[in-house]
Amino acid sequence: MKKRIVVLGASGSVGSQTVDVLIQHQDMFEVVALAVGQKVYFLEAYLDKYPLKYACVQLYDDYVRIKEKYPDTRFFYGDDGLISLTSLENIDMVCNCLQGFVGLLPTLNAIEHRCDIAISNKESLVAAGNIVMEKARLYKVNLIPVDSEHSAIFQTMRGNVRKDIKKLIITASGGAFRHLNRKQLEKVTKQDALKHPRWNMGAKITVDSATMMNKGFEVIEAHVLFDIPYQQIDVIMHPESIIHSMTEYSDKSVIAQLGVTDMRLPIQYALTFPRRIFNSSEELSLTELGALTFKSIDYERFPLLDLAYAVGYLGGNMPAILNGANETAVDLFLEDKISFLDIEKINFEVVRLGKEIYIESPTLEEIIASNDWAEKKVKEIINR
Ligand code: MG
């Protein structure tokens, strides 16, 4: 029996690589539905080659046009369309490769439909971690991490006893500006920020890597996914990005997962878990690499990582506020409306203001309201 798969955010960086893996292993998987945003050409290229029962696009106009062109596929559109795709019967796994807060409701809906999720949408785990994990437990749904660090931790936890974990060690490449000091950061441009030294990813996450907000979110994501206290989650600099993360146990043994920097590895593992199968990815040659290097994090150089820990400790609706602020700030940076360092300033200020609307155990509605509140605050800050 083939595993029946739905991919949300299929035209994005992780999404398109997920589709690659699924096409390479057509003997194991049936792609039942794909959702794309505005890159409709991606969906058309797929439909020209492969059959597809269901698909979703973001805009109504695209929906009207594409459903004429491919009458054998049933189309949906918009945020409701994502809910329709995660409500389909007989699906084995939803790959949530959406980017941003928009991924939250489809995650929750897939869980309610008792469908396992390969999750690369970290924002839904950051903003509403408790709600997502509680629901996953209630419906007995597996959330398999796709983020390379969390996939590594997930793998290094297997075959061990959870309570023996001493700490999680998340590795960080340092992003595009790891060699620059704070002064030099004042002048960096959007083009500079979009050049990641190791990973080829979408624009938002590449900027988040340069600010280290991404690593901060990964700390929160690890806390949520693995239920490990923040005091037991460390981040270290590892520029080669070969060790994807590690787990240290009470006997001080450290187990690491290594691999070339190719997102198709963690994507494929999430799809085939617990099996491991062949792929066309490069082989890791440690002798060619010669050395792996490590450094401790300079939290003054990367203050957003520090902020993520602080926000994580506070919990409640604060991660949703930070996520909302950051998403809006990064959009503004990508539209050339604010500078690189403004992203930091805005995140700090919105978190400071957010403490006034702190909610310890927010409902889903309060999480959504906190995210919207943060977005509004960012706009107020830049317009004053
Ligand atoms: Mg990552």
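This text follows the structure it describes.
Structure report, in brief. Predicted model only: the values in this text are computed from it and were never measured.

**Re the environment of Asp-192**
- Inspection of the secondary structure puts Asp-192 in helix α9 (residues 190-193).
- For Asp-192, a relative accessible area of 29% puts it in the partly exposed group.
- In this structure, the C-alpha to C-alpha distance between Asp-192 and Phe-177, residues 15 residues apart in sequence, is 8.2 Å.
- In contact with Asp-192, other than residues within four places in its own chain, are Ala-176 and Phe-177.
- A polar side-chain atom of Asp-192 sits 2.9 Å from the main-chain amide nitrogen of Thr-189.

**Quick word on a nonpolar patch on the surface**
- Side chains of Tyr-60, Val-64 and Tyr-77 sit close together on the surface and give an oily, nonpolar patch of about 270 Å² of accessible area.
- Counting through the fold element by element, Tyr-60 comes out in helix α3 (residues 60-69).
- Of the residues examined, Tyr-60 reaches a relative accessible area of 45% and is grouped as partly exposed.

**Points about the pattern of salt bridges**
- The final tally for this structure, using the stated rule, is 24 salt bridges.
- Here Arg-4 and Glu-30 are joined by a salt bridge, their closest N and O atoms 3.5 Å apart. Taken together, the residues Arg-4 in strand β1 (residues 3-8) and Glu-30 in strand β2 (residues 29-35) connect sequence positions 26 residues apart.
- The closest approach of N and O atoms between Lys-345 and Asp-342, which form a salt bridge, is 3.5 Å. Residue Lys-345 and its partner Asp-342 are both found in helix α16 (residues 340-354); the two are separated by 3 residues, about one turn of the helix.
- Residue classification places Asp-342 among the partly exposed residues on the basis of a relative accessible area of 22%.
- Taken together, the shared-partner salt bridges in this structure form one network comprising Lys-122, Asp-147, Glu-149, Lys-215 and Glu-218.

**A short note on unusual backbone geometry**
- Between Phe-273 and the following residue, Pro-274, the backbone shows a cis peptide bond with an omega angle of 5 degrees.
- Its identity as a non-glycine residue notwithstanding, Arg-114 has a phi of 55 degrees, on the positive side.
- Tracing the chain through its elements places Arg-114 in the loop between α5 (104-112) and β6 (116-119).
- Taking the relative accessible area as the measure of exposure, Arg-114 reaches 57% and is therefore exposed.
- Of note in the backbone geometry, Asp-227 takes a positive phi value of approximately 55 degrees without being a glycine.
- Structurally, Asp-227 can be placed in the loop between α11 (213-226) and β9 (233-237).

Conventions we followed
In every chain, residue numbers begin from 1 and rise along the written sequence. In view of the model being predicted, local features appear only for residues whose pLDDT reaches at least 70, and side-chain atom pairs are presented and counted only at 80 or more, with totals across whole chains, interfaces and linings using the full set of residues. Excluding hydrogens and water, the side-chain values take into account all heavy atoms of the structure. A run of DSSP states H or I qualifies as a helix once it reaches four residues; a run of E qualifies as a strand once it reaches two. Both are numbered from the N-terminal end. Exposure is judged per residue with a 1.4 Å probe applied to protein chains only, and the accessible area is read against the type maximum: over 50% gives exposed, under 20% gives buried, and values in between give partly exposed. Contact criterion: two residues are considered in contact whenever any of their non-hydrogen atoms come within 4.5 Å of each other. In protein, a polar contact means a hydrogen-donor-capable atom and an acceptor-capable atom, both N or O and within 3.5 Å, with residues adjacent in sequence counting only if both atoms are side-chain atoms; elsewhere, any N or O pair within 3.5 Å suffices. Patch definition: residues with relative accessible area over 30% and no salt bridge; like charges joined within 9 Å; nonpolar side chains (Val, Leu, Ile, Met, Phe, Trp, Tyr) joined within 5 Å. For the area figures, the Shrake-Rupley method with a 1.4 Å probe applies, and any residue is considered shielded solely by the protein chains shown. The salt bridge criterion pairs a side-chain nitrogen of Lys or Arg with a carboxyl oxygen of Asp or Glu, the two atoms within 4 Å.

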